[in-house]
Structures are given as structure tokens and as C-alpha cells.
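# Analysis of the macromolecular model
Here are the chains, one letter per residue:
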Amino acid sequence: MTKHSIAAFCALSLAAFGFAPTSFAGYDGKDVKETKELKETVKESCITGDLGVTMVTEYISRGLVLENQGVIAQPYLDLYFKLYEGTGFINKVQLNVGLWSSIHSHVQPDGSTDTTRNWYEFDYTPGIAITFLKNFTFTASYFEFDSPSSSFDTARSLNFNLAYDDTDLLGAFALHPHFTYLREITAPGFAGLGPDGNYYEIGLAPSHTFGIVTLTIPLTLGLGNNNFYLNDTYGYFSAGAQLSVPLSFIPDCFGKWTFSGGYTYYNLGAAVADTTATGHHSQHVFQGAIGLTF
């Protein structure tokens, strides 16, 4: 081996272990640079996700008040598998798998002694998301709602969501609109007030970051037909404010951690309000959450 080739060999060996010097006499470092770029590429994972837990004062789902007593904890885990990424009409294809639970200190049904009596709900939601024209994302998912505590019968549905990222259009005033359609499918239970229903959701989520704090103002209108809200079309309207802040003191090697808290106001339609203990059309929910993305 020549002196130059020996130097190159040593440089590559050290680079593989992350100890490459900045330069060698008579060696331009090109191979070391390529090795570093290869290592950076390997670090880009096609599998990402998020997990955390949210604490709420009431559990309200699509306007239905399912629990308003005791401690309510709602842990979640989402995994995203990148299948494709490109610059054409379709920009990204991603497989999603979500797990979500609601755990309550107040036991339903009352007096239950089952070992899973506090595990009110467990959901799993596999789906596929397609991003096209850069800013539009269409997601199709299968939803299954189960109750380990036998508080309700299993419900199943197909969920379709179209979201538009209007940041390029409106910048700091982006509204982040979305439209969701849920179709219930055959199951012992149902997600609404009656079987075989259709649910429609229109939402906005404008947000702005002030320093390290991000303020989001989610607005949601929930509508239904075919028994979802019985004979009513109007299900609910909600508006809230959420503040989130990154927990930057946690090292990046443990993921990106965030703490958030907020308040949501619900105005319930007549059929939905009649199912609550008080019959009130107004509901107030406070929540706090901690989570990480990886």
C-alpha cells in the first residue's frame, strides 16, 4: 500500500467509529465525507411515532358525554411507517397504526369487581395516509372501539379524513382545515346514539408560536344522520384553547417531549344533551397532557 492509501484506510476506519480527524497530510478526506453522509442517511428512520397520556375532567367523544366523574387518563401510542416519498402528484404514502385507551377511577357499570373494571375503552385504528399536491393529506382508517370493562358493546366504523395544510397560502394565519366522514359498520354496538349512522366533522385548528409556547385554537362542528344523533342532524360544536411547550431539558436521544394543557367548551345538540345526567347543553372540559414524538 502507498502512504496515501494507508492514510485513506485509517481515515475510513476511524470514521466508521466516529473518530475521524479533520484532515490528513496528502489526503483530501473525500471518502471520509462520503462515509459520514452514509451514516446520516442510515439515521433517517422510516418508522416514526408518538406516545403519551392525556388527563381530562370529562370524556366527551363526538359530543357524547361518556364520563364526567373521577380521574380520567387516556394513554395513546401511534406508529407511522413511511412506504413512499416523492415529488410527483403523490408526495407520501404512510401506514398508520394507533392504540388508544380511556382508564377511569369511576367504575362502569357500578359495582363491577372485574379485574379490568377501570379500563373503560380500548381502541385500535389501522389506516393509510396519502399526501398529494404537497399540502393535502387523505387518511382512510378502520376504527374499533372495545370496552375491557364491558361498559359498552364493541363498535366498528370506517373513518375518512381530508386535511389541508394552508401554511404556504396563509403563513402565520393558517387555519389547518379538515373534513372527516365516519361510517358505522356492522357490530354489536355503535359509536353514536343509534346503529348504522353517519358522522360528519368540519374543523379548524389555527395556531401560532410565541417564543417556545404554541397556542392552538381548535374549532369543531359535528353533524350526523341515519340515527347517529337519532333524529337530530346537529350533534355539537366545540371551541377551545391549547397551550404546548417543549420539554427541552430532556436530551434529544429520548425523543421530543412536549407538555400541553387547555380548555374546551362544548355546545351539545338536543338529542345529545338529553343523554347527559343533567340535560345541559353546555359542557366544559379541562385537559393536560405529556407526550413524545420519535
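Fair warning: this is a prediction, and the values are worked out from it, not measured in the lab. Per chain, residue numbering runs from 1 following the sequence as it is written. Thresholds applied to this predicted model are a pLDDT of at least 70 for local features of residues and 80 or more for the giving and counting of side-chain atom pairs; totals over whole chains, interfaces and linings are not thresholded and use all residues. Side-chain metrics rest on all non-hydrogen atoms present in the structure, leaving aside hydrogens and water.

### Describing the overall build of the chain
- Where helices and strands are cited, they refer to DSSP runs of H or I of at least four residues and of E of at least two residues respectively, numbered from the N terminus. Along the chain, the regular secondary structure elements total 4 helices and 16 strands.
- Only protein chains enter the accessibility calculation, which uses a 1.4 Å probe; a residue whose area is less than 20% of its type maximum is buried, one above 50% is exposed, and one in between is partly exposed. Within the chain, the proportion of its 294 residues that are buried is 33%.
- Should any heavy atoms of two residues lie within 4.5 Å, those residues are counted as being in contact. Counting only contacts in the chain whose residues sit at least 6 apart along the sequence, the fraction spanning at least 24 positions is 51%.
- Here the Shrake-Rupley method, with its probe set to 1.4 Å, supplies the accessible areas, and only the displayed protein chains count as covering residues. Accessible surface for the chain amounts to roughly 16,700 Å². Of this, 64% is attributable to carbon and sulfur atoms.

### Re the pattern of salt bridges
- Think of a salt bridge as a Lys or Arg side-chain nitrogen and an Asp or Glu carboxyl oxygen that are within 4 Å of each other. For the structure shown, the criterion picks out 4 salt bridges.
- Glu85 is the partner of Lys82 in a salt bridge, and the nearest nitrogen-oxygen pair spans 3.0 Å.
- Residue classification places Glu85 among the exposed residues on the basis of a relative accessible area of 52%.
- Note that Asp168 is salt-bridged to Lys134, the shortest N-O span being 3.1 Å. Placement of Asp168 in helix H3 (residues 167-170) and of Lys134 in the loop between strand S6 (119-132) and strand S7 (136-146) is noted, with a sequence separation of 34 residues between them. Each member of the pair, Asp168 together with Lys134, is exposed.

### Some details on a nonpolar patch on the surface
- Exposure above 30% relative accessible area and the lack of any salt bridge qualify a residue for a patch; like charges then connect within 9 Å, and the nonpolar side chains Val, Leu, Ile, Met, Phe, Trp and Tyr within 5 Å. A cluster of nonpolar side chains, contributed by Leu83, Tyr84, Phe89, Ile90, Leu95, Val97, Ile128 and Leu133, occupies part of the molecular surface with about 700 Å² of accessible area.
- Sort the elements by how many residues they give to the nonpolar patch and strand S5 (residues 90-104) lands first, with 3 residues.
- Summarising the element assignment, Leu83 is placed in strand S4 (residues 72-85).

### Observations concerning the confidence of the model for the chain
- One confidence number per residue, pLDDT, is output by the predictor and ranges from 0 to 100. On average, the chain scores 89 in pLDDT, and the residues at 70 or more come to 85%.
- Counted against residues more than four places away or in other chains, residues 2-27, with its pLDDT under 50, gives 22 contacts.

### Digging into the environment of Ser45
- Of note, Ser45 is situated in the loop between helix H2 (30-43) and strand S1 (47-56).
- The term polar contact refers here to a pair of N or O atoms within 3.5 Å; inside protein, the definition further demands a hydrogen-donor-capable atom paired with an acceptor-capable atom, and it admits residues adjacent in sequence only when both atoms are side-chain atoms. A polar contact is formed between the side chain of Ser45 and the backbone nitrogen of Ile47, at a distance of 3.0 Å.

### What to know about the side chain of Thr264
- Checked against the element boundaries, Thr264 lands in strand S15 (residues 256-268).
- Only 3.5 Å separates the side chain of Thr264 from the side chain of Gln287, close enough to count as a polar contact.
- When near neighbours in sequence (up to four residues on either side) are disregarded, Thr264 contacts Ser238, Ala239, Gly240, Gln242, Gln283, His284, Val285 and Gln287.

### As for unusual backbone geometry
- We note that His176 has phi near 50 degrees; this positive angle belongs to a residue other than glycine.
- With respect to the helices, strands and loops of the structure, His176 is situated in the loop between H3 and strand S9 (178-185).
- The class for His176 is partly exposed, based on a relative accessible area of 27%.

### Focus: the nonpolar core
- Membership of the largest hydrophobic core comes to 21 residues, with the highest contact counts inside it found for Tyr199, Phe228, Tyr229, Tyr236, Tyr266 and Leu268.
- If you list the elements that add at least two residues to this core, you get strand S2 (59-61), strand S3 (64-67), S7, S15 and helix H4 (270-274).
- The residues contacting Tyr266, other than those within four sequence positions of it, are Ile60, Tyr236, Phe237, Ser238, His281, Ser282, Gln283 and Val285. For the purposes of this section, nonpolar cores are sets of buried Ala, Val, Leu, Ile, Met, Phe, Trp, Tyr and Cys residues that join through side-chain atoms within 4.5 Å.

### Regarding the pairing of S4
- Two strands make a pair as long as DSSP finds a minimum of two bridges between them. One ladder, built from 10 bridges, connects S1 with S4; its direction is antiparallel. The residue bridging Ile47 from the neighbouring strand is Phe81, located in S4.
- Alignment of S4 against S5, held across 11 bridges, turns out to be antiparallel. Opposite Ile72, over in S5, you have His104 as the bridge partner.
- If you look at the hairpin formed by S4 and S5, you'll find 4 residues sitting between the two strands.

### A look at the packing of aromatic side chains
- Stacked, tilted and edge-to-face are the three classes assigned to paired rings of Phe, Tyr and Trp, where Trp is represented by its six-membered ring and a pair needs centres within 6.5 Å; plane angles under 30 degrees give stacked, over 60 edge-to-face, the rest tilted. Inspection of every chain in the model, using the stated rule, returns 18 aromatic pairs.
- Between Trp119 and Phe122, the aromatic rings sit 5.8 Å apart at their centres with planes inclined by 70 degrees, giving edge-to-face as the arrangement.
- What makes Trp119 partly exposed here is its relative accessible area of 34%.
- Note on criteria: charge over ring means Lys NZ or Arg CZ within 6 Å of the ring centre, with the direction from the centre no more than 35 degrees off the ring normal. Here the guanidinium or amino end of Arg62 rests over the ring plane of Tyr199, the centre of that ring lying 5.8 Å away.

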